[in-house]
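Next come the chains, spelled out residue by residue.
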Amino acid sequence: MKSKIISSVHRYSGSGDEHLKKATLMRKKLTFLLCTLLFTVLTFGQKIQIKKDKILYDKVEIATITEPYRDHYEFSTLSGEKKFSVDFKGLSVNNTQFYQWLEVTSADGKIKTEIPHDVLINAFDVKRIIAHNLSVKYNLLDASGINDSALKTFFETQRESLSDKYGKTVATAQIEADAQKKKVQEIKARYNPQIQNDKSITFTQGGKLVIVGRLVTEPYIVGGGARDYAYLYDIDGNKAVSLGFVSLGANFKLTGFDGKSYDFVTKSMYSEGNTTFLNEFLWDAVSRGYTLGHQIRDENAKLYAAKVALAKERSVNIYNKKGYLVDGDGKRYDGIISIYFQMLDVNETGQVLPEDAADNFGKRVSITYRNEKNQERTKTFKASSNAYFCITENNKETFYYGMAVKGEAMKKIQNIGNFAFDNAFFFQMIHKEDKIMVLHDPVETEKYVIKITPEAKGQMLDRRSTENLSVQLADYLKACKSLSDDIKKNEFDLKIEDNLIRIAQEYQNCK
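Figured I'd write up the structure that's included with this text. (Residues numbered from 1 in each chain as written. Predicted model: local features only at pLDDT ≥ 70, side-chain atom pairs only at ≥ 80, totals over all residues. Heavy atoms only, no water.)

### Concerning the pattern of salt bridges
- Counted by the stated rule, this structure contains 19 salt bridges.
- Between lysine 253 and aspartate 263 there is a salt bridge; the shortest N-O distance is 2.9 Å. Of this pair, lysine 253 sits in strand E15 (residues 251-256) while aspartate 263 sits in strand E16 (residues 261-264), and the two are 10 residues apart along the sequence.
- Here aspartate 263 falls in the partly exposed class, since its relative accessible area comes to 46%.
- By sharing partners, the salt bridges in this structure join Glu444, Glu446, Lys447 and Arg463 into a single network. (Salt bridge = Lys/Arg side-chain N within 4 Å of Asp/Glu carboxyl O. Helix = DSSP H or I, 4+ residues; strand = E, 2+ residues; numbered from the N terminus. Buried < 20%, exposed > 50% of the residue type's maximum accessible area, 1.4 Å probe, protein only.)

Shown next as structure tokens:
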């Protein structure tokens, strides 16, 4: 609360009378709020008091509380009529993690219910803490004594069984703790991890000591709060594991290079020279799978390989696909085909084509085949050679034709600027007639190419508007005057693929 008050005042501080007025007003409001909250806590804390076996409410005796045996408390009226009893329950997972709750039983012993043991006041007397809880949260104790109406409602309320809940939690935690102890023993037998005098970390492998990393520690700072104090570095100098002090209740937390974290519980106290503590930290870390050495390097290599595999899968590149290729002279080659249409977007940036360098993707295709002597050979064909190839997959054929194109001046300028004068690429065929084909760029699929038989080059329809492209396409298809005139009149939206197919069909049938 104090830090919130200070930060709020700082937000209103500054130069000028207006800022000063606002700061003063805010400070007064927050001071009043803080005083009110403190008064409320102190007031409720003072209402319930215990003197011997008497419960006092505002210093007036209202009921009695007795403890016939340890952790069992009986609440009765001043006349001695027993109303209910409370048993204090607790289970511990380890020396820092535990659960506490209250089992409340009716006077006749027929009804039992369980509630959390909420410590709502600062007091050393457990009886007072319990009585205060029952008064503030459940209204079982008030100025008149034990509230029968509230007590009836209290026992009629359905609640979860905290003994079952915490029992299962503790049992599970114990199983996990036992399993972790077993893993540590296995690690010690397998690797015999040791911290040497120079803080190097060694494993015993093949009967020899092998350095796998090093330990770095920092001196403990009293009141330093949550922070890291010990680190394990691998042989390549990468930080593999950090150990941080969390709090008195949560003890320590071990955090690995992979972002995973684990509670580290030990009876030992941390210090730079406490070898017992540091060895337990090392053994626990290794048992969690942090084996140092070149682990991070190897894990990063695996991760990168997985990213590359995913990038390949998402790309339009063709890797070792079955098919055939026909060269410019009409010779056919059957075999395995590969071609790179784009860069691999390993880091998922969205950039798959070069922006400043020459675009050499989609220019060359390779095929591995067997010659007349049944010898394996691999040949590469440029798109400028007028070769085309076909990929056969799932009983479907997909054709790609190599050609230079008219239009797309920006890419030509980009390539020429980088001393690449070959502007022929392989394009994927969408529709084919005897006289004309419709193709598109495998990567930038919004770019289409119209290719007619007499022309060596295709006509590129790039990202420009239909109005800007229609003149060029009309001129390219001028052999069919009626179609050319319709294109000039913008009767076709050249951004719609079906329109391009219709243009090809009309050109095919044009007389």
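### Observations regarding the packing of helix H5 (residues 162-191) against helix H6 (residues 275-287)
- It is the contact of H5 with H6, at a shortest axis distance of 9 Å, that shows an interaxial angle of 95°. With respect to their mutual orientation, H5 and H6 come out roughly perpendicular. From H5, Gln180, Lys183, Val184, Ile187, Lys188 and Tyr191 reach across to H6, where they touch Trp283, Asp284, Val286 and Ser287.
- A class-by-class count of the residues in the contact of H5 with H6 yields five nonpolar, two polar and three charged. (Axes fitted to C-alpha atoms, helices over the stretch in contact; angles between N-to-C directions. Parallel < 35°, antiparallel > 145°, perpendicular 65-115°, else oblique. Contact = heavy atoms within 4.5 Å. Nonpolar A, V, L, I, M, F, W, Y, C, P; charged D, E, K, R; others polar.)

### Digging into the packing of aromatic side chains
- By the definition in use, this model includes 26 aromatic pairs.
- With a centroid separation of 4.6 Å and 15° between ring planes, the pair formed by phenylalanine 75 and phenylalanine 84 is classed as stacked.
- Between phenylalanine 154 and phenylalanine 155, the ring centres sit 5.4 Å apart and the planes meet at 80°, which makes this aromatic pair edge-to-face.
- A residue is classified by how much of its surface remains accessible, and phenylalanine 154, at 3% relative accessible area, is buried.
- The exposure class assigned to phenylalanine 155 is buried, which follows from its relative accessible area of 12%.
- Within the aromatic cluster, the residues linked to one another by ring pairs are Tyr220, Tyr229, Phe245, Phe252, Phe264, Tyr270, Phe277 and Phe281.
- Seen from the ring of tryptophan 283, lysine 188 lies directly overhead, with NZ or CZ sitting 4.0 Å from the centre.
- Cation over ring: arginine 214 sits above tyrosine 233, and NZ or CZ is 4.6 Å from the ring centre. (Phe/Tyr/Trp six-rings, centres within 6.5 Å; stacked < 30°, edge-to-face > 60°. Lys NZ or Arg CZ within 6 Å of the ring centre and 35° of its normal.)

### Quick notes on the pairing of strand E12 (residues 208-217)
- Where strand E11 (residues 200-205) meets E12, six bridges bridge the pair, whose relative direction is antiparallel. The partner of glutamine 205 across the bridge, within E12, is lysine 208.
- Inspection of the sheet shows E12 paired to strand E13 (residues 227-234) by five bridges, in the antiparallel sense. Looking at the pairing, leucine 215 lines up with leucine 232 of E13. (Pairing = 2+ DSSP bridges.)

### Section: the state of the cysteines
- This model, assessed by the stated rule, comprises one disulfide.
- With a sulfur-sulfur separation of 2.1 Å, cysteine 480 is cross-linked through a disulfide to cysteine 510. One quick way to see it: the torsion about the S-S bond of cysteine 480 and cysteine 510 is about 95°, and its sign makes the bridge right-handed. Of this pair, cysteine 480 sits in the loop between helix H9 (466-476) and helix H10 (481-488) while cysteine 510 sits in the segment after helix H11 (497-508), and the two are 30 residues apart along the sequence. (Disulfide = S-S within 2.5 Å.)

### Some thoughts on unusual backbone geometry
- Even without being glycine, asparagine 139 reaches a positive phi, approximately 60°.
- Take asparagine 139: it is sitting in the loop between helix H3 (126-136) and strand E8 (141-142).
- Classification of asparagine 139 as partly exposed rests on a relative accessible area of 38%.
- A positive phi angle, near 50°, is found at asparagine 192, a position not held by glycine.

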